[in-house]
Amino acid sequence: MTIIASWNVNSIRVRYGHVENFLNKVDPDILLLQEIKCMNSEFPDFIDQSKYNVTINGQKAKYGVAIIYKKEIDIRIIQIKSQTLESQARVQLIYLKSLNLNILNVYTPNGNPINDPDKIQFKLKWYDELYNLSKKIILSKQDLLIGGDFNVIENIKDAINFQEWENDALGILQVRTKFRELCFLGLTNLSRIFFKPGQIFSFWDYQRACWERNDGILIDHFLISPRKLQNVTRLKYETNFRGLEKPSDHIPFWLKLNI
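What counts and what doesn't
- The residue numbers shown here count from 1 along each chain, following its written sequence.
- Side-chain atom pairs in this predicted model are given and counted only at pLDDT of 80 or more, local residue features only at pLDDT of at least 70, and totals for whole chains, interfaces and linings cover all residues.
- Side-chain metrics rest on all non-hydrogen atoms present in the structure, leaving aside hydrogens and water.
- Strands are runs of DSSP state E lasting at least two residues, helices are runs of H or I lasting at least four, and both sets are numbered from the N terminus onward.
- What a helix is expected to span follows from its residue count: subtract one and scale by 1.5 Å.
- For a residue, the bend is simply the angle between two axes, fitted respectively to the seven-residue segment ending there and the seven-residue segment starting there.
- By definition, residues are in contact when any of their heavy atoms lie within 4.5 Å.
- Among buried residues, those of type Ala, Val, Leu, Ile, Met, Phe, Trp, Tyr and Cys that are joined through side-chain atoms within 4.5 Å constitute a nonpolar core.
- Categorising residues by exposure relies on relative accessible area from a 1.4 Å probe, with only protein chains included: less than 20% of the type maximum marks a residue as buried, more than 50% marks it as exposed, and the intermediate range marks it as partly exposed.
- Pairs were defined over the aromatic rings of Phe, Tyr and Trp, the Trp ring being its six-membered one, requiring ring centres within 6.5 Å. Orientation was assigned from the angle between planes: stacked under 30 degrees, edge-to-face over 60, tilted for the rest.
- In our convention, an over-ring charge means Lys NZ or Arg CZ found within 6 Å of a ring centre and within 35 degrees of that ring's normal.

Participant: Now, about helix H1 (residues 12-26): what can you tell me, with residues and values included?
Facilitator: For H1, with 15 residues, the first-to-last C-alpha span of 18 Å runs short of the 21 Å given by 1.5 Å per residue. Maximal helix bending in H1 amounts to about 35°, located at His18. For H1, the elements touching its buried residues are strand E1 (2-8), strand E2 (30-34), strand E3 (52-57), strand E4 (65-70) and strand E12 (253-257). Once H1 finishes, Asp27 follows within two positions and takes phi at roughly 55°, a positive value.

The following block contains the structure:
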């Protein structure tokens, strides 16, 4: 069995205790982190060095992604050749030899405010480049798992009050279409397999008592290739982590592969 997890931690230096608790509770083989908000050298020293390694793509004070993985796992870090994807620390690509699987860790741009053409156009361009990279991997007949924060409300039922988001960069049709185009490459959105739309959320804003009112949205996903889909036995969103003291506004989630 292999457990792969993902979590937008919204600052690893604030949330490293929660991440440590998650590692102890779930014992994932791989944990994809987004929005670590630190440079590589600033990543806190909390990981059990006897058990885990970490590869970091950090940036000062904002964005940033990292992958924590068990020492016995043989990974190869793959360089991403895209000016758009590399312009901000939002993506990592690794290859797992033992699973014959490529894993993309993504933190998609937010795109707001929507009346700023530069921000929304950058988000759409970023999705185009993610599509091109994913298509290249798939056309080479390799398996792919994309996990992370996609910053899109793909289904209107993925928000308690979608009307509040339909003119937001997370809910506009152009962004939802880009996400669906990514899936149309042949990738399956695992949340659609294990949950009905509206059954689970992954983000509750800090404002307006959204957590207390369960005014959530689903924007964190795993997309997976057909050959590996048949090996997925479980998908779980750890909702209780949103109720902790000083939580991230996102919750961790994980899949189990029967490999």
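Now that the structure has been shown, we can carry on.
Participant: Break down the nonpolar core for me, with residues and values.
Facilitator: Formed by 29 residues in total, the largest nonpolar core has its most connected members in Ile4, Ile30, Ile103 and Phe222. The set of elements that each furnish at least two residues to this core consists of E2, E4, strand E6 (91-96), strand E7 (101-107), strand E10 (220-224), strand E11 (232-237) and E12. Judged by nonpolar contacts, the second largest core, of 26 residues, contains Leu93, Val106, Leu130 and Ala169.

Participant: Before we move on, can you summarise the packing of aromatic side chains with the specific residues and values?
Facilitator: Counted under the stated rule, the structure contains 10 aromatic pairs. When the ring of Phe22 is compared with that of Phe241, the centres are 5.8 Å apart and the planes differ by 75°; the resulting orientation is edge-to-face. Linking Phe22 in helix H1 with Phe241 in the loop between E11 and E12, this pair joins segments that are 219 residues apart in sequence. The pair Phe22 / Phe241 is uniform in exposure class, with both members buried. Ring pairs connect the aromatic residues Phe195, Phe222, Tyr237 and Phe253, which therefore count as one cluster. Across the ring face of Tyr107, the terminal group of Arg90 is positioned such that the distance to the ring centre comes to 4.7 Å.

Participant: Could you give an account of the environment of Glu20, naming the residues involved and the relevant values?
Facilitator: With respect to the helices and strands, the residue Glu20 is situated in helix H1. When the C-alpha positions of Glu20 and Ile103 are compared, they lie 22 Å apart, and in sequence the two are 83 residues distant.

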